[in-house]
Amino acid sequence: MAVYTVHQPPLRATDAAPDPQRFVFVRDGFSIWAFVAAALWMLWHRMWLILLVYVAVMVGLETALRYAGVSSFILSLVGLLLSLLVGIEAGTLRRFTLARRGWKPVGVVSAYDLEDAERRFFADWVRAAPTVRSAPAAPPRNSPPPPSPAPLPRMPQSPDVIGLFPEPGASR
């Protein structure tokens, strides 16, 4: 199963709520397209700053290695290793670019493919969305006031709990 991070775009001036059609799911893991054609992959995803840094590093490394008199085999090996690094870090590079543009990470989903990830995320997202409730009806004029709810008992603090992770076998 793959892990996807979900990113919500910044709200437009005309939007009251985020548009689910614009959410982006970024798969974590190796990207074969980022490895095979790194510059084209960066252009496809509109990662201009990352592309600029990539080209500067490639040109700088090649110039420095040629100046040092390194063989063409070593030059090719360095280029291959840099492409491998881009393929491994493709998801991180996309998340960085989205964060720079103001996109907000809103979730993480494990799924078999992108369609399954979208289905799982939006099912949870709709379930967690607050429902719109109408105002309660006004009570009749001569009725007594409603009874005040009883205060909820306070749960005792347990020394067995650190944050949200209780100790195994600890009582609730």
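Please read all numbers here as calculations on a predicted model, not as lab measurements.

K.L.:
Sorry, what's going on with the packing of aromatic side chains here?
P.N.:
The geometry of two aromatic rings is summed up by the distance between their centres and the angle between their planes. This model, assessed by the stated rule, comprises 9 aromatic pairs. Relative to Phe121, the ring of Phe25 has its centre 5.8 Å away and its plane inclined at 85°; by these criteria the two rings are edge-to-face. Separated by 96 residues along the polypeptide, Phe25 in strand S2 (residues 24-28) and Phe121 in helix H6 (residues 114-128) bring together distant segments of the chain. Take Phe25 and Phe121: they sit in the same class, and that class is buried. The interplanar angle of 65° and the centroid separation of 5.7 Å between the aromatic rings of Phe122 and Trp125 together place this pair among those described as edge-to-face. Of this pair, Phe122 and Trp125 are both found in helix H6, 3 residues apart, which corresponds to roughly one turn of the helix. One aromatic cluster is present, formed by Phe23, Phe25, Phe121, Phe122 and Trp125 through successive ring pairs.

K.L.:
What should I look at first to understand the packing of helix H3 (residues 48-67) against helix H4 (residues 72-88) in this one?
P.N.:
A packed helix pair is summarised by two numbers, namely the angle formed by the two axes and the spacing between the axes. Put simply, H3 and H4 touch, their axes get as near as 10 Å, and they point 160° apart. Accordingly, the angle class assigned to the pair H3 and H4 is roughly antiparallel. Read as a crossing pair, H3 and H4 show a hand that is right-handed. Residues Tyr54, Val57, Met58, Leu61, Glu62, Leu65 and Arg66 of H3 pack against Leu75, Val78, Gly79, Leu82, Ser83 and Val86 of H4. In the contact of H3 with H4, the residues fall into 9 nonpolar, 2 polar and 2 charged.

K.L.:
Just checking my understanding: could you explain the pattern of salt bridges for this structure?
P.N.:
Pairing between side chains of opposite charge can happen when the charged atoms of each approach one another. In total, this model carries 6 salt bridges according to the counting rule given. A salt bridge links Glu62 to Arg66, with the shortest nitrogen-to-oxygen separation between them at 3.1 Å. With Glu62 and Arg66 both in helix H3, this residue pair falls 4 residues apart, about one helical turn. Arg66 gets classed as exposed once you look at its relative accessible area, which sits at 54%. The partner of Arg120 in a salt bridge is Asp116, with the nearest N and O atoms 3.4 Å apart. In this pair, Arg120 and Asp116 both sit in helix H6, 4 residues apart, roughly one turn of the helix.

K.L.:
When you look at H4 in this model, what are you seeing that I'm missing?
P.N.:
Since the α-helix advances by 3.6 residues per turn, residues separated by three or four positions end up pointing in the same direction. For H4, which comprises 17 residues, the first-to-last C-alpha distance of 24 Å matches the rise-based estimate of 24 Å (1.5 Å per residue) to within 8%. In this fold, the buried residues of H4 make contact with helix H1 (32-36), helix H2 (38-44), H3 and helix H5 (90-100).

K.L.:
Looking at this model, I keep getting lost on H5. Mind explaining?
P.N.:
Regarding H5, the residues found buried are Ala90, Gly91, Leu93, Arg94, Arg95, Thr97 and Leu98. Each element contacted by the buried residues of H5 is listed here: strand S1 (2-8), S2, H1, H2, H3 and H4. Trailing H5 by a residue or two, Gly102 shows a phi angle of about 95°, which is positive.

Cut-offs applied
Residues numbered from 1 in each chain as written. Predicted model: local features only at pLDDT ≥ 70, side-chain atom pairs only at ≥ 80, totals over all residues. Heavy atoms only, no water. Phe/Tyr/Trp six-rings, centres within 6.5 Å; stacked < 30°, edge-to-face > 60°. Helix = DSSP H or I, 4+ residues; strand = E, 2+ residues; numbered from the N terminus. Buried < 20%, exposed > 50% of the residue type's maximum accessible area, 1.4 Å probe, protein only. Axes fitted to C-alpha atoms, helices over the stretch in contact; angles between N-to-C directions. Parallel < 35°, antiparallel > 145°, perpendicular 65-115°, else oblique. Left-handed = near helix turned anticlockwise from the far one by under 90°. Contact = heavy atoms within 4.5 Å. Nonpolar A, V, L, I, M, F, W, Y, C, P; charged D, E, K, R; others polar. Salt bridge = Lys/Arg side-chain N within 4 Å of Asp/Glu carboxyl O. Expected span 1.5 Å × (residues − 1).

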